[in-house]
Amino acid sequence: MIAGGQVKAAFRICYFNGIIPLWRSPLLIWAVFLTPLSFLFFLFVITGPTDPQFLPHAVVGGVLFTVIFTGNGMLNDCAYLRLERQLQQIFVASPVRPFAYLMGMALSELAFTIPALVLFLAILLLVTPVSLLGFVGLLGVVLLTWLMATSLGFLISTLFKQLREIWPIGTLTFSSLAVLPPIFYPAYLIPARFQWVAFLAPSTYASQLADAVTGVNVGSPLSPGVLNSPWLDLAGLAGATILFALAAAYLARWREP
Amino acid sequence: MEALVAQKVTKRYKGRHRETLALDAVDLSIAKGRLFAFLGRNGAGKTTFIKIASTLLAPTSGRVELFGRDVVADPAAVRPLIAVVPQEGKPFYHMTPREHIVEYLRVRGASGETAKSRADGMLEAMGLNEYKDEVSYRLSGGLQQRTMVAMILATQAPFLFLDEPTLGMDPFARRQVWKVIRRAAQAGSTVLLTTHYLDEAEQLSEELAVIESGRVLYRGTAEALKSTLGREVRLRFSRGFTAPELQPYGRVFEERGAVTLLTMRKDVRELTELALERGSEITVGPVTLEEAFLELVGRGIEEDA
């Protein structure tokens, strides 16, 4: 199957693994939306009145949280299809290439999150003005983050033989990327000497970059020891995305060893 | 021409505490267009072989070629030529049987029109028409399995791997599936199937192999395997006989309170008359593939006798 066929295969997988279940079980939309919305709610209730800059940042955080958790969805879906239903095997034993499968599954995860993303973006526009360019920039950050998270999810899903091993790893990995780093809260709240630790997580770059492109100002600057530039954030996020995508393409176990 | 050639295929699974030899230098060839059955006990190595030959699993050593292409070195050249029903595979819970077939064919590159027409034909042939628009989580286990098999057979791939394709199906459904599998082979596909239903292997396969502890013990036709028993008839006595007194006539084993004897045709008259004298109910039939299989694998009969 030539490249065009692989692209079509990816979109077909997205259609039957993403669109059809969404159409038949619309409750899935709320499942995706509820966790970041809860975070947002608590942050707004607790901090909203004291620091008005928190809310736009936290809404952007909700967008990123939703996208990062596509990686967890990818991990669980791919592991479930491979280990529980033996369905990945029918794609391995077919003309579909691993990258087309990865993209198809990743697109279907994106399909699940699009309604939640639209809602968060609508909330963002309600709480702060965002220019068209800022909006496009945010979509770019979303796409890079989605590719990074889903590549990581796919890679991990192929490395284990038991679903029970995978569930805690997914929660640990993606909570470490979406909850602990300064996604919902501003990075400057981390004690100055530990701020560099946050930048070990690629999601921190995504958050900083998203704030920069949308013009969300989170107030106090980072400590002087931390390099703070949107270009650096872009390099960090793009680098992590390329790294995880390559790892998924070359290290994921398409054929069992 | 050979569709599949396996040479010295070995697979070792490394566990934390021990290593398991799943395949031990297996040599096997299957001619193009053949319907070939792989028999063996649980854990004998059937699924491991299918996984290796269908590019799902890497062997520890050895070589498998499908239509002259190396499945280890060049899986991308092999994959368009194959389709596999995985053991205990289950369909997508949210899709209907028709969607399964159409979407899988389209993912493999078929046009929308081809996919739909093949799907409709396959649903009809597999007796799934009535359920074609039901989402699969509402279907019984047997219907879900039929959906999996239909999806794979509809590919019309040159080589079809079917790992226990009729698992969980009722006898009617099994026969319906057999018909479609036979049709696939008649249309030119080579079929390698595993099954624990020995009647299925006997009905379907043109040739079979018996595998035990990772080694091929037998390869040939079902009839030839049965003839290796050296017995022609199976007699089952409900009562009035003990195993030791029947041993001079052939192989004897006891099951569920009855005594079964595998013997030669010439002894049937004498034993039937004896059974009538003793008021024992007697059932007479040909030896089955199951008996030949048990004998070959070297368990069962000796243990029970």
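In what follows, the structure referred to is the one given above.
Now for a description of the structure that goes with this document. What you are looking at is a predicted structure, and each value in this text was computed from that prediction instead of being measured. (Residues numbered from 1 in each chain as written. Chains lettered and ligands numbered in written order. Predicted model: local features only at pLDDT ≥ 70, side-chain atom pairs only at ≥ 80, totals over all residues. Heavy atoms only, no water.)

**Details of the interface of chain B and chain A**
Put simply, an interface is often sized by how much accessible area is lost when its parts join up.
Here comes step 1: Chain B puts 39 residues into the contact, and the matching count from chain A is 28 residues.
Here comes step 2: Here chain B packs against chain A, burying approximately 3000 Å² in sum over the two surfaces, 60% of which is carbon and sulfur.
Here comes step 3: Counting every contact that joins chain B to chain A gives three salt bridges.
Here comes step 4: Here Glu103 of chain B and Arg12 of chain A are joined by a salt bridge, their closest N and O atoms 2.9 Å apart.
Here comes step 5: Joining chain B to chain A, the criterion identifies 16 residue pairs in polar contact (both at pLDDT 80 or more).
Here comes step 6: Looking at the side of chain B that touches chain A, the elements with two or more residues in it are α2 (75-78), β6 (82-85), α3 (97-107) and α5 (141-153) of chain B.
Here comes step 7: Tallied by class, the residues present in the side of chain B that touches chain A amount to 22 nonpolar, eight polar and nine charged. (Contact = heavy atoms within 4.5 Å. Buried area = accessible area lost by both parts, 1.4 Å probe. Salt bridge = Lys/Arg side-chain N within 4 Å of Asp/Glu carboxyl O. Polar contact = N/O pair within 3.5 Å; in protein donor to acceptor, adjacent residues only side chain to side chain. Helix = DSSP H or I, 4+ residues; strand = E, 2+ residues; numbered from the N terminus. Nonpolar A, V, L, I, M, F, W, Y, C, P; charged D, E, K, R; others polar.)

**A look at the environment of Ala122 of chain A**
Here comes step 1: With respect to the helices and strands, the residue Ala122 of chain A is situated in helix α5 (residues 98-127).
Here comes step 2: Owing to a relative accessible area of 39%, Ala122 of chain A belongs among the partly exposed residues under this scheme. (Buried < 20%, exposed > 50% of the residue type's maximum accessible area, 1.4 Å probe, protein only.)

**Re the nonpolar core**
Here comes step 1: Judged by nonpolar contacts, the single largest core of 163 residues is most densely connected at Phe91 of chain A together with Leu4, Phe49, Phe159 and Phe161 of chain B.
Here comes step 2: With 14 residues, the single largest contributor to this core is helix α3 (residues 54-84) of chain A.
Here comes step 3: Setting aside residues no more than four positions away along its own chain, Phe159 of chain B makes contact with Ala3, Leu4, Ile30, Leu66, Phe67, Leu81, Ile82, Ala83, Thr190 and Leu192 of chain B.
Here comes step 4: In this structure, Leu235, Phe237, Val259 and Val268 of chain B belong to the second largest nonpolar core, which totals 12 residues. (Core = buried A, V, L, I, M, F, W, Y, C linked by side-chain atoms within 4.5 Å.)

**A few points about the pairing of strand β1 (residues 2-14) of chain B**
Residue and element names in this part refer to chain B.
Here comes step 1: Alignment of β1 against strand β2 (residues 19-31), held across nine bridges, turns out to be antiparallel. Paired with Val5 across the strands is Ser29, a residue of β2.
Here comes step 2: Counting the residues in the hairpin turn of β1 and β2 gives four residues.
Here comes step 3: For β1 and strand β4 (residues 61-66), the ladder comprises five bridges, and the chain directions are antiparallel. Paired with Leu4 across the strands is Leu66, a residue of β4. (Pairing = 2+ DSSP bridges.)

**Brief notes about helix α1 (residues 46-53) of chain B**
Residues and elements named next belong to chain B.
Here comes step 1: For α1, the tally of buried residues reaches six of eight residues, placing the bulk of the element in the interior.
Here comes step 2: Those residues of α1 lying buried are Lys46, Thr48, Phe49, Ile50, Ile52 and Ala53.
Here comes step 3: Phi turns positive, to about 70°, at Thr55, one or two residues after α1.

**Looking at the sheet that holds strand β10 (residues 215-220) of chain B**
All names here are of chain B.
Here comes step 1: Spatial strand order, β6-β7-β8-β3-β9-β10: six strands in an open sheet with mixed pairing. Of all the strands in the sheet, just β6 and β10 have a single pairing partner and so form its edges. This sheet shows a mean twist of 15° between the axes of neighbouring strands, independent of strand direction.
Here comes step 2: Sheet topology places strand β7 (residues 159-163) next to strand β8 (residues 190-194); five bridges connect them, and they run parallel. (Axes fitted to C-alpha atoms, helices over the stretch in contact; angles between N-to-C directions.)

**Observations regarding the pattern of salt bridges**
Here comes step 1: On inspection of all chains with the given rule, the structure shows 22 salt bridges over all chains.
Here comes step 2: Lys51 of chain B is the partner of Glu256 of chain A in a salt bridge, and the nearest nitrogen-oxygen pair spans 3.4 Å. Here Glu256 of chain A is found in the segment after α10 (230-251), whereas its partner Lys51 of chain B is found in helix α1 on a different chain.
Here comes step 3: In this structure, the salt-bridge partner of Arg265 of chain B is Glu232 of chain B, at a minimum N-O distance of 3.9 Å. One end of the pair, Arg265 of chain B, is in the loop between β13 (258-263) and α10 (268-278); the other, Glu232 of chain B, is in the loop between α8 (222-227) and β11 (233-237), and 33 residues separate them in sequence.
Here comes step 4: We classify Glu232 of chain B as partly exposed; its relative accessible area is 32%.
Here comes step 5: Beyond isolated ion pairs, a larger network of salt bridges with shared partners links Arg34, Glu207 and Arg219 of chain B.

**Examining helix α4 (residues 112-125) of chain B**
Working note: α-helix, 3.6 residues per turn, so residues spaced by three or four point in the same direction.
Residue and element names in this part refer to chain B.
Here comes step 1: Look at α4: 20 Å from first C-alpha to last across 14 residues, which is about the 20 Å you get at 1.5 Å a residue.
Here comes step 2: Among the residues of α4, Gly112, Ala115, Ala119, Met122, Leu123 and Ala125 are the ones counted as buried. Seen from one end, α4 has its buried residues packed into an arc of 160°, which puts them on one side. Of the exposed residues in α4, those oriented more than 90 degrees away from the buried face are Glu113 and Glu124.
Here comes step 3: In this fold, the buried residues of α4 make contact with α3, α5 and α6 (171-186).
Here comes step 4: Positive phi shows up at Gly127, right after α4, with a value of about 70°. (Expected span 1.5 Å × (residues − 1). Arc of directions from axis to C-beta.)

**Details of a nonpolar patch on the surface**
Residues and elements named next belong to chain A.
Here comes step 1: There is a patch of nonpolar side chains on the surface, built from Leu27, Trp30, Leu34 and Leu119 and spanning about 440 Å² of accessible area.
Here comes step 2: Among the elements that take part in the nonpolar patch, helix α2 (residues 27-47) stands out by supplying three residues, more than any other.
Here comes step 3: Residue position: Leu27 is located in helix α2.
Here comes step 4: The exposure class of Leu27 is exposed, given its relative accessible area of 68%. (Patch = residues over 30% accessible without salt bridge, like charges linked within 9 Å, V, L, I, M, F, W, Y side chains within 5 Å. Areas by Shrake-Rupley, 256 points an atom, 1.4 Å probe, with all protein chains shown as cover.)

**A few points about the pairing of β13 of chain B**
Residues and elements named next belong to chain B.
Here comes step 1: The element β13 is largely enclosed, with a buried count of six among its six residues.
Here comes step 2: Of the strand pairs in this sheet, β11 and β13 are connected by five bridges, and their pairing is antiparallel. Among the inter-strand pairings, Leu235 is bridged to a residue of β13, identified as Leu261.
Here comes step 3: In terms of strand pairing, strand β12 (residues 251-255) meets β13 through five bridges, oriented antiparallel. Of the residues in β13, the one forming a bridge with Glu254 is Val259.
Here comes step 4: Linking two consecutive strands that pair antiparallel, namely β12 and β13, is a turn of two residues; a positive phi of about 45° is found at Arg256 within it.

**Here's the deal with the packing of helix α6 (residues 132-157) of chain A against helix α9 (residues 202-214) of chain A**
A pair of packed helices is characterised by two quantities: the angle between their axes and the separation of those axes.
Residue and element names in this part refer to chain A.
Here comes step 1: At a minimum axis separation of 8 Å, α6 and α9 run at an interaxial angle of 170°. Relative to α9, α6 is oriented roughly antiparallel. Contacts between α6 and α9 involve Gly134, Gly137, Leu138, Val141, Thr145 and Met148 from the first element and Pro202, Ala206, Leu209, Ala210, Val213 and Thr214 from the second.
Here comes step 2: A class-by-class count of the residues in the contact of α6 with α9 yields eight nonpolar, four polar and no charged. (Parallel < 35°, antiparallel > 145°, perpendicular 65-115°, else oblique.)

Taken by themselves, the reported measurements are silent on function.
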